[in-house]
Amino acid sequence: MKKILIIEDEISIAELEKDYLELSDFSVDIETSGKSGLEYAKSKDYNLIILDLMLPEISGFDICKEVRKIKDIPILMVSARKEDIDKIRGLGLGADDYMTKPFSPSELVARVKAHINRYERLTQGNKNFDDEIQVRGININKASRKVFVNGKEVIFTTKEFDLLVFLAQNPNRVFSKEELFNKIWDMDSIGEIATVTVHIKKIREKIERDTSNPEYIETVWGVGYRFKG
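Predicted, not measured: the structure shown is a model, and the values here were computed from it. (Residues numbered from 1 in each chain as written. Predicted model: local features only at pLDDT ≥ 70, side-chain atom pairs only at ≥ 80, totals over all residues. Heavy atoms only, no water.)

Enquirer: Give me the pattern of salt bridges: which residues, what numbers.
Expert: For the structure shown, the criterion picks out 16 salt bridges. Residue glutamate 66 is joined to lysine 69 by a salt bridge in which the shortest nitrogen-to-oxygen separation is 3.1 Å. Its relative accessible area of 27% is what places glutamate 66 among the partly exposed residues. A salt bridge links arginine 111 to aspartate 97; its shortest N-O distance comes to 2.9 Å. Placement of the pair is arginine 111 in helix α5 (residues 105-123) and aspartate 97 in strand β5 (residues 97-100), with a sequence separation of 14 residues. The buried category is assigned to arginine 111, whose relative accessible area is 13%. When salt bridges with common partners are traced through the structure, they connect Glu8, Glu10, Asp52 and Lys101 into a single cluster. (Salt bridge = Lys/Arg side-chain N within 4 Å of Asp/Glu carboxyl O. Buried < 20%, exposed > 50% of the residue type's maximum accessible area, 1.4 Å probe, protein only. Helix = DSSP H or I, 4+ residues; strand = E, 2+ residues; numbered from the N terminus.)

Written out as structure tokens, the structure reads:
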């Protein structure tokens, strides 16, 4: 049975989410403070974390940042705040998705299932350790999910790695933001374009010598992005 951790200080919302998830055969733990939520997230094994943004003691932003240092499981951030800057910051810290309250519990369950299924396909798929991509100083090992830039290992979040691999496997082809979202997140792209933009920015910061003049991921204005082969 897949295990979900809900870190949410509004107990009525957490209990509602738990009820819907348990109806879909998930095992669910609830933590109502940022401190205890972070301890559970770091010390126990979960398949996905549902993380509220505004929490007592430790914010959802800080929890996401700390968890990402040691785990790459999907993190779904939720918040009543609708500002784009919060969404962009959350995604930039490694969250895989961001939902604005109020939302449909059934949509939450659908997103949880989609993220877990995609994570499992990517991590349990190809086990061939010589399955590598090498492009001008970048070495990507798909089996171990490791990236080396000029011989030095660089840490990527799950979605950053998936997006880099997809672009590198399809060099010199332009993909729109909508296409990339559908390929990597496997969901409807409406209202989620900022997700792709943030992840491209984070990837560039990790692989490019000069992000203002990228050697690898090129912006095709008005169209999308292209990996230079």
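Enquirer: Lay out helix α3 (residues 60-68) with the relevant residues and their values.
Expert: Because the α-helix completes a turn every 3.6 residues, residues three or four places apart line up on one side. Among the residues of α3, Gly60, Phe61, Ile63, Cys64, Val67 and Arg68 are the ones counted as buried. Taken down its axis, α3 places every buried residue within 165° of arc, on the same side. As for α3, its buried residues are in contact with β1 (3-7), α2 (34-43), β3 (48-52), β4 (75-79) and α4 (84-92). (Arc of directions from axis to C-beta. Contact = heavy atoms within 4.5 Å.)

Enquirer: Before we move on, could you go through the packing of aromatic side chains and cite the residues and values that matter?
Expert: Counted under the stated rule, the structure contains three aromatic pairs. Relative to tryptophan 185, the ring of phenylalanine 181 has its centre 5.1 Å away and its plane inclined at 5°; by these criteria the two rings are stacked. Each member of the pair phenylalanine 181 and tryptophan 185 is classed as buried. Relative to phenylalanine 227, the ring of tyrosine 216 has its centre 6.2 Å away and its plane inclined at 35°; by these criteria the two rings are tilted. Placement of tyrosine 216 in the loop between α8 (193-207) and β11 (217-220) and of phenylalanine 227 in strand β12 (residues 224-227) is noted, with a sequence separation of 11 residues between them. Like phenylalanine 227, tyrosine 216 is buried. A cation sits over an aromatic face here: lysine 3 above tyrosine 46, 5.3 Å from the ring centre. In this structure, lysine 206 is placed above the aromatic ring of phenylalanine 156, and the distance from its NZ or CZ to the ring centre is 5.1 Å. (Phe/Tyr/Trp six-rings, centres within 6.5 Å; stacked < 30°, edge-to-face > 60°. Lys NZ or Arg CZ within 6 Å of the ring centre and 35° of its normal.)

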